[in-house]
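Okay, here's what each chain looks like letter by letter:
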Amino acid sequence: MSMNATPSANRIHIGFFGKRNAGKSSVVNAVTGQELSVVSDVKGTTTDPVTKAMELLPMGPVLIIDTPGYDDEGALGELRVRKTKQILNKTDVAILVVDATEGLSSADEELISIFKSKKLNYIVVYNKCDLIDVKTMIKLSSDENAVLVSATDKKNIDQLKEKISLMADLGEEKFLVRDLVEPKDIVVLVTPIDASAPKGRLILPQQQVIRDLLEADAVTVVIKENEVADTLAMLGKKPRMVITDSQAFKVVAESTPRDIPLTSFSILMARYKGFLDTAVNGAMAIDMLEEGDKILISEGCTHHRQCEDIGTVKLPKWLESYTGKKFTYEFTSGGTFPEDLSPYKVVIHCGGCTLTERELTYRMKCATDQGVPFTNYGTTIALTQGILARSVEMFVK
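Source: prediction; values computed, not measured. (Residues numbered from 1 in each chain as written. Predicted model: local features only at pLDDT ≥ 70, side-chain atom pairs only at ≥ 80, totals over all residues. Heavy atoms only, no water.)

Before going further, it helps to spend a moment on the sheet that holds strand β14 (residues 374–376). What the 4 strands build is an open sheet, ordered β12-β11-β13-β14; its pairing is parallel. Both outer strands of the open sheet, β12 (328–332) and β14, are each paired with one neighbouring strand and no more. If you compare each strand with its neighbour and ignore which way they point, the axes differ by 25 degrees on average. Bridge analysis of strand β11 (residues 294–298) against β12 gives 5 bridges, and the strand direction is parallel. Across the sheet, residue lysine 294 finds its bridge partner in β12, namely threonine 328. In the packing of helix α10 (residues 276–284) onto the sheet, contacts are made with β13 (346–349) and β14, and the angle to β14 comes to roughly 100 degrees. Helix-sheet contacts for helix α11 (residues 310–323) involve β11, β12 and β13, and the interaxial angle to β12 is about 150 degrees. (Pairing = 2+ DSSP bridges. Helix = DSSP H or I, 4+ residues; strand = E, 2+ residues; numbered from the N terminus. Axes fitted to C-alpha atoms, helices over the stretch in contact; angles between N-to-C directions. Contact = heavy atoms within 4.5 Å.)

In C-alpha coordinates form, the structure reads like this:
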(Lines give C-alpha, C1' and ligand atoms only; values in the text may rest on other atoms or scores of the structure.)
Protein backbone atom coordinates (compact mmCIF):
# COMPACT_ATOMS: atom_id res chain seq x y z
CA MET A 1 0.00 0.00 0.00
CA SER A 2 1.29 3.45 -0.90
CA MET A 3 2.15 5.75 1.99
CA ASN A 4 0.01 8.35 0.17
CA ALA A 5 -3.07 6.16 -0.02
CA THR A 6 -5.97 6.22 2.43
CA PRO A 7 -6.04 2.78 4.13
CA SER A 8 -8.91 0.59 2.92
CA ALA A 9 -10.23 0.26 6.48
CA ASN A 10 -10.67 4.06 6.64
CA ARG A 11 -12.60 4.26 3.37
CA ILE A 12 -16.39 4.18 3.08
CA HIS A 13 -17.22 0.66 1.85
CA ILE A 14 -20.00 0.66 -0.78
CA GLY A 15 -21.22 -2.82 -1.71
CA PHE A 16 -23.30 -3.57 -4.81
CA PHE A 17 -25.56 -6.62 -4.52
CA GLY A 18 -28.38 -8.30 -6.44
CA LYS A 19 -29.39 -11.11 -8.76
CA ARG A 20 -27.32 -12.23 -11.69
CA ASN A 21 -27.76 -10.03 -14.75
CA ALA A 22 -29.68 -7.32 -12.86
CA GLY A 23 -27.06 -4.88 -14.13
CA LYS A 24 -24.90 -4.54 -10.99
CA SER A 25 -21.65 -4.19 -12.89
CA SER A 26 -23.17 -1.71 -15.34
CA VAL A 27 -24.41 0.44 -12.44
CA VAL A 28 -21.00 0.20 -10.73
CA ASN A 29 -19.29 1.36 -13.91
CA ALA A 30 -21.77 4.21 -14.32
CA VAL A 31 -21.28 5.38 -10.72
CA THR A 32 -17.48 5.17 -10.83
CA GLY A 33 -17.11 6.49 -14.36
CA GLN A 34 -14.74 3.68 -15.27
CA GLU A 35 -14.77 0.05 -16.34
CA LEU A 36 -14.37 -1.46 -12.87
CA SER A 37 -16.40 -4.60 -13.59
CA VAL A 38 -16.90 -6.93 -16.54
CA VAL A 39 -20.24 -6.40 -18.25
CA SER A 40 -21.92 -9.20 -20.23
CA ASP A 41 -25.37 -10.48 -21.13
CA VAL A 42 -24.34 -13.89 -19.76
CA LYS A 43 -25.61 -14.49 -16.23
CA GLY A 44 -22.97 -14.76 -13.51
CA THR A 45 -20.10 -12.89 -15.23
CA THR A 46 -18.88 -11.58 -11.86
CA THR A 47 -17.67 -14.74 -10.11
CA ASP A 48 -15.83 -13.16 -7.17
CA PRO A 49 -16.19 -9.84 -5.35
CA VAL A 50 -14.36 -7.12 -7.33
CA THR A 51 -13.00 -4.22 -5.27
CA LYS A 52 -11.63 -0.84 -6.26
CA ALA A 53 -10.28 1.89 -3.99
CA MET A 54 -10.94 5.32 -5.44
CA GLU A 55 -11.97 8.92 -4.81
CA LEU A 56 -15.67 9.34 -5.48
CA LEU A 57 -17.17 12.82 -5.26
CA PRO A 58 -18.84 14.08 -3.17
CA MET A 59 -17.85 11.34 -0.67
CA GLY A 60 -14.06 11.25 -0.96
CA PRO A 61 -12.07 8.01 -0.43
CA VAL A 62 -14.27 4.94 -0.94
CA LEU A 63 -13.93 1.23 -1.60
CA ILE A 64 -16.35 -0.01 -4.26
CA ILE A 65 -17.29 -3.71 -4.04
CA ASP A 66 -19.10 -5.49 -6.87
CA THR A 67 -20.37 -8.89 -5.69
CA PRO A 68 -21.42 -12.10 -7.49
CA GLY A 69 -25.08 -12.74 -8.24
CA TYR A 70 -26.99 -13.57 -5.08
CA ASP A 71 -29.24 -16.07 -6.88
CA ASP A 72 -26.36 -18.32 -8.01
CA GLU A 73 -27.17 -22.00 -8.06
CA GLY A 74 -25.20 -25.15 -7.25
CA ALA A 75 -22.14 -25.71 -5.05
CA LEU A 76 -20.11 -22.88 -6.58
CA GLY A 77 -23.12 -20.61 -6.30
CA GLU A 78 -23.43 -21.40 -2.58
CA LEU A 79 -19.80 -20.36 -2.11
CA ARG A 80 -20.46 -17.08 -3.93
CA VAL A 81 -23.53 -16.41 -1.79
CA ARG A 82 -21.45 -17.02 1.35
CA LYS A 83 -18.86 -14.53 0.10
CA THR A 84 -21.62 -12.00 -0.52
CA LYS A 85 -22.80 -12.33 3.10
CA GLN A 86 -19.19 -11.92 4.33
CA ILE A 87 -18.87 -8.72 2.30
CA LEU A 88 -21.94 -7.35 4.08
CA ASN A 89 -20.07 -7.50 7.39
CA LYS A 90 -17.68 -4.78 6.19
CA THR A 91 -20.16 -2.73 4.13
CA ASP A 92 -21.18 0.79 5.17
CA VAL A 93 -23.77 1.33 2.42
CA ALA A 94 -25.43 -1.54 0.55
CA ILE A 95 -26.72 -0.98 -2.98
CA LEU A 96 -29.28 -3.55 -4.15
CA VAL A 97 -29.53 -3.47 -7.95
CA VAL A 98 -32.86 -4.73 -9.33
CA ASP A 99 -33.98 -5.14 -12.93
CA ALA A 100 -36.85 -2.63 -13.08
CA THR A 101 -38.60 -4.68 -15.77
CA GLU A 102 -38.82 -7.66 -13.40
CA GLY A 103 -39.27 -6.03 -9.98
CA LEU A 104 -38.20 -7.46 -6.62
CA SER A 105 -37.56 -11.21 -6.51
CA SER A 106 -37.48 -13.51 -3.48
CA ALA A 107 -33.66 -13.28 -3.58
CA ASP A 108 -33.91 -9.47 -3.50
CA GLU A 109 -36.35 -9.61 -0.59
CA GLU A 110 -33.96 -11.92 1.28
CA LEU A 111 -31.11 -9.46 0.76
CA ILE A 112 -33.23 -6.57 2.06
CA SER A 113 -34.07 -8.66 5.12
CA ILE A 114 -30.35 -9.27 5.72
CA PHE A 115 -29.60 -5.54 5.28
CA LYS A 116 -32.19 -4.74 7.93
CA SER A 117 -30.99 -7.42 10.35
CA LYS A 118 -27.45 -6.06 10.09
CA LYS A 119 -28.76 -2.49 10.51
CA LEU A 120 -27.21 -1.48 7.20
CA ASN A 121 -28.01 1.69 5.32
CA TYR A 122 -29.23 0.49 1.93
CA ILE A 123 -30.58 1.76 -1.40
CA VAL A 124 -32.69 -0.20 -3.88
CA VAL A 125 -31.54 0.80 -7.37
CA TYR A 126 -34.02 -0.09 -10.09
CA ASN A 127 -31.91 -0.34 -13.23
CA LYS A 128 -33.23 -0.25 -16.83
CA CYS A 129 -35.87 2.36 -15.88
CA ASP A 130 -35.86 3.47 -19.52
CA LEU A 131 -37.66 0.21 -20.34
CA ILE A 132 -40.68 0.56 -17.99
CA ASP A 133 -43.94 2.50 -18.29
CA VAL A 134 -44.88 5.57 -16.26
CA LYS A 135 -47.29 3.64 -14.00
CA THR A 136 -44.56 1.18 -12.96
CA MET A 137 -42.10 4.04 -12.52
CA ILE A 138 -44.44 5.84 -10.11
CA LYS A 139 -45.05 2.64 -8.12
CA LEU A 140 -41.33 1.86 -7.73
CA SER A 141 -40.53 5.48 -6.81
CA SER A 142 -42.89 5.34 -3.81
CA ASP A 143 -40.22 3.48 -1.79
CA GLU A 144 -38.06 6.06 0.03
CA ASN A 145 -35.07 3.72 -0.31
CA ALA A 146 -35.48 3.48 -4.09
CA VAL A 147 -33.67 5.24 -6.92
CA LEU A 148 -34.57 4.62 -10.56
CA VAL A 149 -31.66 4.69 -12.98
CA SER A 150 -30.55 3.65 -16.42
CA ALA A 151 -26.91 2.57 -16.42
CA THR A 152 -26.95 2.58 -20.22
CA ASP A 153 -27.70 6.30 -20.68
CA LYS A 154 -26.51 7.38 -17.16
CA LYS A 155 -30.00 8.60 -16.19
CA ASN A 156 -30.25 9.55 -12.46
CA ILE A 157 -26.70 8.33 -11.72
CA ASP A 158 -25.83 11.68 -10.11
CA GLN A 159 -28.97 11.40 -7.95
CA LEU A 160 -27.84 7.93 -6.86
CA LYS A 161 -24.37 9.22 -5.94
CA GLU A 162 -25.90 12.00 -3.84
CA LYS A 163 -28.11 9.48 -2.01
CA ILE A 164 -25.11 7.23 -1.36
CA SER A 165 -23.22 10.23 0.01
CA LEU A 166 -26.04 11.09 2.42
CA MET A 167 -26.23 7.51 3.67
CA ALA A 168 -22.45 7.28 4.00
CA ASP A 169 -22.37 10.02 6.62
CA LEU A 170 -20.73 7.92 9.33
CA GLY A 171 -21.34 10.41 12.13
CA GLU A 172 -18.84 12.09 14.41
CA GLU A 173 -15.23 11.84 13.28
CA LYS A 174 -13.02 9.74 15.53
CA PHE A 175 -9.28 9.90 16.03
CA LEU A 176 -6.57 7.44 16.95
CA VAL A 177 -4.71 9.79 19.28
CA ARG A 178 -5.21 13.38 18.09
CA ASP A 179 -7.82 14.13 20.74
CA LEU A 180 -5.41 13.13 23.54
CA VAL A 181 -2.68 15.69 22.80
CA GLU A 182 -2.17 19.43 22.44
CA PRO A 183 -0.02 21.31 19.91
CA LYS A 184 3.72 21.08 20.73
CA ASP A 185 3.22 18.06 23.01
CA ILE A 186 6.00 15.51 22.64
CA VAL A 187 4.91 11.95 21.94
CA VAL A 188 7.49 9.15 21.92
CA LEU A 189 6.73 6.25 19.57
CA VAL A 190 8.57 2.98 20.14
CA THR A 191 8.80 0.90 16.97
CA PRO A 192 11.01 -2.21 17.22
CA ILE A 193 12.88 -3.12 14.04
CA ASP A 194 13.21 -6.91 14.17
CA ALA A 195 12.58 -9.92 11.94
CA SER A 196 8.82 -9.35 12.00
CA ALA A 197 9.06 -5.67 10.99
CA PRO A 198 8.17 -5.06 7.31
CA LYS A 199 11.26 -4.34 5.22
CA GLY A 200 11.69 -0.68 4.34
CA ARG A 201 8.55 0.66 6.02
CA LEU A 202 6.52 0.92 9.21
CA ILE A 203 3.44 -1.16 9.93
CA LEU A 204 0.08 0.48 9.20
CA PRO A 205 -0.93 1.42 12.80
CA GLN A 206 2.42 3.20 13.28
CA GLN A 207 1.93 5.12 10.03
CA GLN A 208 -1.58 6.12 11.05
CA VAL A 209 -0.58 7.30 14.54
CA ILE A 210 2.24 9.43 13.11
CA ARG A 211 -0.19 10.98 10.61
CA ASP A 212 -2.73 11.70 13.34
CA LEU A 213 -0.10 13.32 15.57
CA LEU A 214 1.07 15.53 12.70
CA GLU A 215 -2.54 16.70 12.29
CA ALA A 216 -2.51 17.62 16.00
CA ASP A 217 0.72 19.66 15.57
CA ALA A 218 2.39 17.43 18.13
CA VAL A 219 6.11 16.60 18.09
CA THR A 220 6.76 12.93 17.34
CA VAL A 221 9.95 11.16 18.37
CA VAL A 222 10.30 7.70 16.81
CA ILE A 223 12.78 5.34 18.46
CA LYS A 224 13.57 1.66 19.00
CA GLU A 225 12.81 -0.13 22.26
CA ASN A 226 16.39 0.00 23.57
CA GLU A 227 16.54 3.79 23.25
CA VAL A 228 13.73 4.79 25.62
CA ALA A 229 15.72 5.74 28.73
CA ASP A 230 18.37 7.74 26.84
CA THR A 231 15.72 9.52 24.76
CA LEU A 232 13.65 10.54 27.79
CA ALA A 233 16.82 11.87 29.45
CA MET A 234 17.73 13.94 26.38
CA LEU A 235 14.31 15.48 25.75
CA GLY A 236 14.47 18.09 28.51
CA LYS A 237 10.67 18.03 28.68
CA LYS A 238 8.35 15.29 29.88
CA PRO A 239 6.53 13.76 26.92
CA ARG A 240 2.74 13.75 26.85
CA MET A 241 2.82 9.99 26.43
CA VAL A 242 4.80 7.00 25.19
CA ILE A 243 3.18 4.70 22.61
CA THR A 244 4.85 1.36 21.98
CA ASP A 245 4.49 -1.70 19.84
CA SER A 246 2.76 -4.19 22.16
CA GLN A 247 5.55 -6.73 21.77
CA ALA A 248 7.96 -4.33 23.52
CA PHE A 249 5.54 -3.49 26.37
CA LYS A 250 7.63 -4.96 29.17
CA VAL A 251 11.00 -3.41 28.33
CA VAL A 252 9.42 -0.04 27.50
CA ALA A 253 7.40 -0.02 30.74
CA GLU A 254 10.59 -0.66 32.73
CA SER A 255 12.29 2.33 31.05
CA THR A 256 9.33 4.75 31.26
CA PRO A 257 8.76 6.58 34.58
CA ARG A 258 5.38 5.84 36.13
CA ASP A 259 4.20 9.43 35.80
CA ILE A 260 4.44 9.29 31.99
CA PRO A 261 1.30 7.77 30.37
CA LEU A 262 2.07 4.59 28.44
CA THR A 263 -0.04 2.67 25.93
CA SER A 264 0.34 0.73 22.68
CA PHE A 265 -0.59 1.10 19.02
CA SER A 266 -2.88 -1.92 19.33
CA ILE A 267 -4.75 -0.48 22.31
CA LEU A 268 -5.18 2.84 20.50
CA MET A 269 -6.57 0.89 17.52
CA ALA A 270 -9.07 -0.93 19.76
CA ARG A 271 -10.22 2.44 21.10
CA TYR A 272 -10.49 3.85 17.56
CA LYS A 273 -12.50 0.85 16.37
CA GLY A 274 -14.83 1.13 19.35
CA PHE A 275 -14.15 -2.07 21.29
CA LEU A 276 -11.56 -1.13 23.92
CA ASP A 277 -13.89 -1.77 26.88
CA THR A 278 -14.82 -5.16 25.45
CA ALA A 279 -11.14 -5.94 24.84
CA VAL A 280 -10.16 -5.09 28.43
CA ASN A 281 -13.01 -7.16 29.88
CA GLY A 282 -12.16 -10.00 27.51
CA ALA A 283 -8.52 -9.97 28.62
CA MET A 284 -9.64 -10.37 32.23
CA ALA A 285 -11.24 -13.70 31.24
CA ILE A 286 -7.76 -15.10 30.56
CA ASP A 287 -7.32 -15.42 34.33
CA MET A 288 -10.25 -17.88 34.34
CA LEU A 289 -8.92 -20.24 31.65
CA GLU A 290 -8.46 -23.91 32.46
CA GLU A 291 -5.82 -26.37 31.28
CA GLY A 292 -6.47 -27.43 27.68
CA ASP A 293 -9.04 -24.72 26.88
CA LYS A 294 -9.28 -23.77 23.21
CA ILE A 295 -8.35 -20.21 22.17
CA LEU A 296 -9.03 -18.57 18.80
CA ILE A 297 -6.29 -16.16 17.68
CA SER A 298 -7.46 -14.14 14.67
CA GLU A 299 -5.77 -11.60 12.41
CA GLY A 300 -7.53 -9.25 10.03
CA CYS A 301 -4.77 -9.28 7.42
CA THR A 302 -2.76 -12.02 5.75
CA HIS A 303 1.03 -11.98 5.75
CA HIS A 304 4.02 -14.28 5.60
CA ARG A 305 4.48 -15.66 9.10
CA GLN A 306 7.97 -15.32 10.60
CA CYS A 307 9.63 -17.87 12.91
CA GLU A 308 8.75 -15.61 15.86
CA ASP A 309 5.32 -14.61 14.60
CA ILE A 310 3.32 -12.71 17.21
CA GLY A 311 0.00 -14.52 16.69
CA THR A 312 1.11 -18.12 16.33
CA VAL A 313 4.28 -18.13 18.44
CA LYS A 314 4.69 -15.22 20.85
CA LEU A 315 1.12 -14.90 22.13
CA PRO A 316 0.84 -18.60 23.06
CA LYS A 317 4.20 -18.37 24.87
CA TRP A 318 3.14 -15.28 26.84
CA LEU A 319 -0.27 -16.76 27.69
CA GLU A 320 1.18 -20.01 28.99
CA SER A 321 4.00 -18.30 30.89
CA TYR A 322 1.47 -15.95 32.53
CA THR A 323 -1.11 -18.60 33.45
CA GLY A 324 1.18 -21.59 33.99
CA LYS A 325 -1.23 -23.65 31.86
CA LYS A 326 -1.22 -25.24 28.41
CA PHE A 327 -3.93 -24.43 25.88
CA THR A 328 -5.00 -25.51 22.41
CA TYR A 329 -5.16 -22.91 19.65
CA GLU A 330 -6.78 -22.25 16.32
CA PHE A 331 -5.63 -19.44 14.02
CA THR A 332 -7.48 -17.49 11.33
CA SER A 333 -6.42 -14.61 9.13
CA GLY A 334 -7.77 -12.29 6.46
CA GLY A 335 -11.49 -12.53 5.73
CA THR A 336 -11.83 -15.90 7.48
CA PHE A 337 -13.68 -15.75 10.79
CA PRO A 338 -15.89 -18.58 12.14
CA GLU A 339 -19.50 -17.74 12.89
CA ASP A 340 -19.75 -20.51 15.49
CA LEU A 341 -17.43 -19.53 18.33
CA SER A 342 -18.84 -21.93 20.92
CA PRO A 343 -15.71 -24.19 20.91
CA TYR A 344 -13.54 -21.31 22.19
CA LYS A 345 -13.08 -19.96 25.71
CA VAL A 346 -11.71 -16.64 24.45
CA VAL A 347 -11.12 -14.88 21.11
CA ILE A 348 -7.92 -12.82 20.80
CA HIS A 349 -8.04 -10.55 17.75
CA CYS A 350 -5.37 -8.31 16.25
CA GLY A 351 -5.79 -4.54 16.36
CA GLY A 352 -7.83 -4.67 13.17
CA CYS A 353 -6.06 -1.87 11.30
CA THR A 354 -7.01 -3.41 7.93
CA LEU A 355 -10.66 -4.04 8.89
CA THR A 356 -13.52 -1.56 8.94
CA GLU A 357 -15.15 -0.74 12.25
CA ARG A 358 -18.30 -2.49 10.99
CA GLU A 359 -16.46 -5.77 10.34
CA LEU A 360 -14.64 -5.66 13.67
CA THR A 361 -17.93 -4.90 15.41
CA TYR A 362 -19.49 -7.88 13.62
CA ARG A 363 -16.70 -10.17 14.84
CA MET A 364 -16.96 -8.79 18.36
CA LYS A 365 -20.73 -9.28 18.40
CA CYS A 366 -20.37 -12.84 17.08
CA ALA A 367 -18.35 -13.53 20.23
CA THR A 368 -20.31 -11.54 22.80
CA ASP A 369 -23.67 -12.84 21.53
CA GLN A 370 -22.38 -16.37 22.15
CA GLY A 371 -20.95 -15.50 25.56
CA VAL A 372 -17.33 -15.82 24.42
CA PRO A 373 -14.90 -13.17 25.78
CA PHE A 374 -13.36 -11.06 22.98
CA THR A 375 -10.08 -9.19 23.36
CA ASN A 376 -7.11 -8.09 21.26
CA TYR A 377 -3.36 -8.51 21.04
CA GLY A 378 -2.44 -5.29 22.85
CA THR A 379 -4.63 -5.79 25.91
CA THR A 380 -3.66 -9.48 26.12
CA ILE A 381 0.06 -8.69 26.00
CA ALA A 382 -0.36 -5.90 28.56
CA LEU A 383 -2.15 -8.34 30.88
CA THR A 384 0.55 -11.00 30.56
CA GLN A 385 3.24 -8.39 31.27
CA GLY A 386 1.40 -7.10 34.36
CA ILE A 387 0.74 -3.61 33.01
CA LEU A 388 -2.83 -3.72 31.67
CA ALA A 389 -4.16 -1.16 34.15
CA ARG A 390 -1.36 1.27 33.34
CA SER A 391 -1.79 0.87 29.59
CA VAL A 392 -5.46 1.93 29.60
CA GLU A 393 -5.62 4.37 32.52
CA MET A 394 -5.45 7.45 30.28
CA PHE A 395 -8.79 6.40 28.72
CA VAL A 396 -10.61 5.97 32.03
CA LYS A 397 -12.86 8.92 32.72
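The discussion continues.
Right, let's talk about the nonpolar core for a bit. Grouped together as the largest cluster of nonpolar side chains are 74 residues, with contacts concentrated most on Val209, Ile243, Ile295 and Leu341. Take this core: its biggest share by element is 6 residues, from helix α9 (residues 265–273). Excluding anything up to four places from it in sequence, leucine 341 contacts Leu296, Val347, Cys366, Ala367, Gln370 and Val372. Ranked by size, the runner-up nonpolar core spans 26 residues in total, among them Leu56, Ile95, Ile123 and Ala151. (Core = buried A, V, L, I, M, F, W, Y, C linked by side-chain atoms within 4.5 Å. Buried < 20%, exposed > 50% of the residue type's maximum accessible area, 1.4 Å probe, protein only.)

Another aspect to go through is the pairing of strand β9 (residues 241–244). Neither face of β9 is left uncovered, since the one carrying Met241 and Ile243 and the one carrying Val242 and Thr244 both have all their residues buried. When strand β7 (residues 186–190) meets β9, the two strands line up parallel, connected through 4 bridges. The partner of valine 190 across the bridge, within β9, is threonine 244. As paired elements, β9 and strand β10 (residues 262–264) share 3 bridges and run parallel to each other. Considered in β10, the bridge of valine 242 is made with leucine 262. Since β9 and β10 lie parallel, the crossover through helix α8 (residues 249–255) that links them has a hand, and here it is right-handed. (Right-handed = clockwise from strand over helix to strand, strands pointing away.)

Per the stated rule, a full pass over the model turns up 4 aromatic pairs. With a centroid separation of 5.6 Å and an interplanar angle of 40 degrees, the aromatic rings of phenylalanine 115 and tyrosine 122 are classed as tilted. In this structure, phenylalanine 115 and tyrosine 122 share a single accessibility class: buried. Pairwise contacts between aromatic rings join Phe17, Phe115 and Tyr122 into one cluster. (Phe/Tyr/Trp six-rings, centres within 6.5 Å; stacked < 30°, edge-to-face > 60°.)

This part covers the pairing of β13. With burial as the criterion, each face of β13 is covered, one bearing Val346 and Ile348 and the other bearing Val347 and His349. Across 3 bridges, the pairing between β13 and β14 is parallel. In the sheet register, histidine 349 faces β14, and the bridge partner there is asparagine 376.

On to the packing of helix α1 (residues 24–32) against helix α5 (residues 157–167), then. Packing of α1 against α5 leaves a shortest axis separation of 10 Å and a crossing angle of 85 degrees. Judged on the interaxial angle alone, α5 and α1 are roughly perpendicular. The segment α1 lies against α5, with Val27, Ala30 and Val31 engaging Ile157, Leu160 and Lys161. Looking at the contact of α1 with α5 residue by residue, the classes come out as 5 nonpolar, no polar and 1 charged. (Parallel < 35°, antiparallel > 145°, perpendicular 65-115°, else oblique. Nonpolar A, V, L, I, M, F, W, Y, C, P; charged D, E, K, R; others polar.)

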